[in-house]
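Chain residues, written in single-letter form:
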Amino acid sequence: MQPFIHLSGVTKTYRRGRTEHLAISDATFDVMPGELVSLVGPSGCGKSTLLKVLAGLHPHDAGTVRIGSESHAFDPSRDIGMVFQAPLLLKWRRILENVLLPAEILGLPMAASRERAKGLLNLVGLSGFEDKYPYELSGGMQQRAAIARALVHDPKLVLMDEPFGALDALTREKMNLELLRIWKESGKTIVFVTHGISEAVFLGTRVVVLTAGPARMADNFEIDLPRPRTLDMKTHERFGEYTRRIYKLLGME
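Worth saying up front: this structure is predicted, and the values here are computed from it rather than measured.

A short note on the overall build of the chain
Item 1. If you tally the helices and strands in the chain, you get nine helices and nine strands.
Item 2. Its C-alpha radius of gyration of 18 Å places the chain within 12% of the 18 Å reference for a compact globule of 253 residues.
Item 3. By residue count, 49% of the 253 residues in the chain fall in the buried class.
Item 4. Within the chain, contacts between residues at least 6 apart in sequence are counted, and of these 71% link residues at least 24 apart.

Here's the deal with helix α5 (residues 110-123)
Item 1. Its 14 residues give α5 an end-to-end C-alpha distance of 19 Å, which sits within 8% of 20 Å, the value for a rise of 1.5 Å per residue.
Item 2. Residues of α5 that are buried: S113, A117, L120, L121 and L123. Down the axis, α5 shows its buried residues gathered within 150° of arc, on one side only. Across from the buried face of α5, at angles greater than 90 degrees, the exposed residues are A111, A112, E115 and N122.
Item 3. Packed against the buried residues of α5 are α3 (95-99), α4 (101-106), α6 (139-151) and α7 (169-186).
Item 4. Downstream of α5 by one or two residues, G125 has phi in the positive range, about 80°.

What counts, and at which threshold
- Residues numbered from 1 in each chain as written.
- Predicted model: local features only at pLDDT ≥ 70, side-chain atom pairs only at ≥ 80, totals over all residues.
- Heavy atoms only, no water.
- Helix = DSSP H or I, 4+ residues; strand = E, 2+ residues; numbered from the N terminus.
- Rg over C-alpha atoms; globule rule 2.2 N^0.38 Å.
- Buried < 20%, exposed > 50% of the residue type's maximum accessible area, 1.4 Å probe, protein only.
- Contact = heavy atoms within 4.5 Å.
- Expected span 1.5 Å × (residues − 1).
- Arc of directions from axis to C-beta.

Below you can see the structure in the form of structure tokens.
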């Protein structure tokens, strides 16, 4: 099977006047269709920059980035959904209207999009909250709405940049379980950025480990744990082996 995402030797440098900052160095990995790949590393290592390169928001300076197949065109504006650390919901729009925003921007048929948005709100557990405003929802509920918004235009790829980082520990674990359910039901390819080692192992079909900046790929390995994942798996020896492997790669042992 051909990789859905292929990165080879990707480098990104920021330039400010005469100063250069190497943000990404020689990032190389593949993502297969339908995978949920965790991208983990310390704060400031270039994870978010790499996600923006995948999204087409930043150009890369060297290497190869290929998304989709050579026989099928890939349009970042249409085929990517993004979820950020903050929900970024428009406070003056109701939840259903927030979810519909990408469909409006892309000029998609609104009647069909509205039905899809309602179905997605049901998928993320927000049925009945369509007419609420963001301030009427908890942080976790707002992030659920942001996930529905990222899916409303039926993208091929969903990029998630530490989407649960601002949530409390219990809500974060609940959202991890919800994300796995949504991923299974939607069948999307997901790249999930986190600095949480346990979260990366729990969610991922594979984990890509990046070192401290400039981001260099230290390892790329499959997570061989049963599905559906349950929270008690975090107490299993196999889970601990994966987390210790990442700690060692990041020099944290």
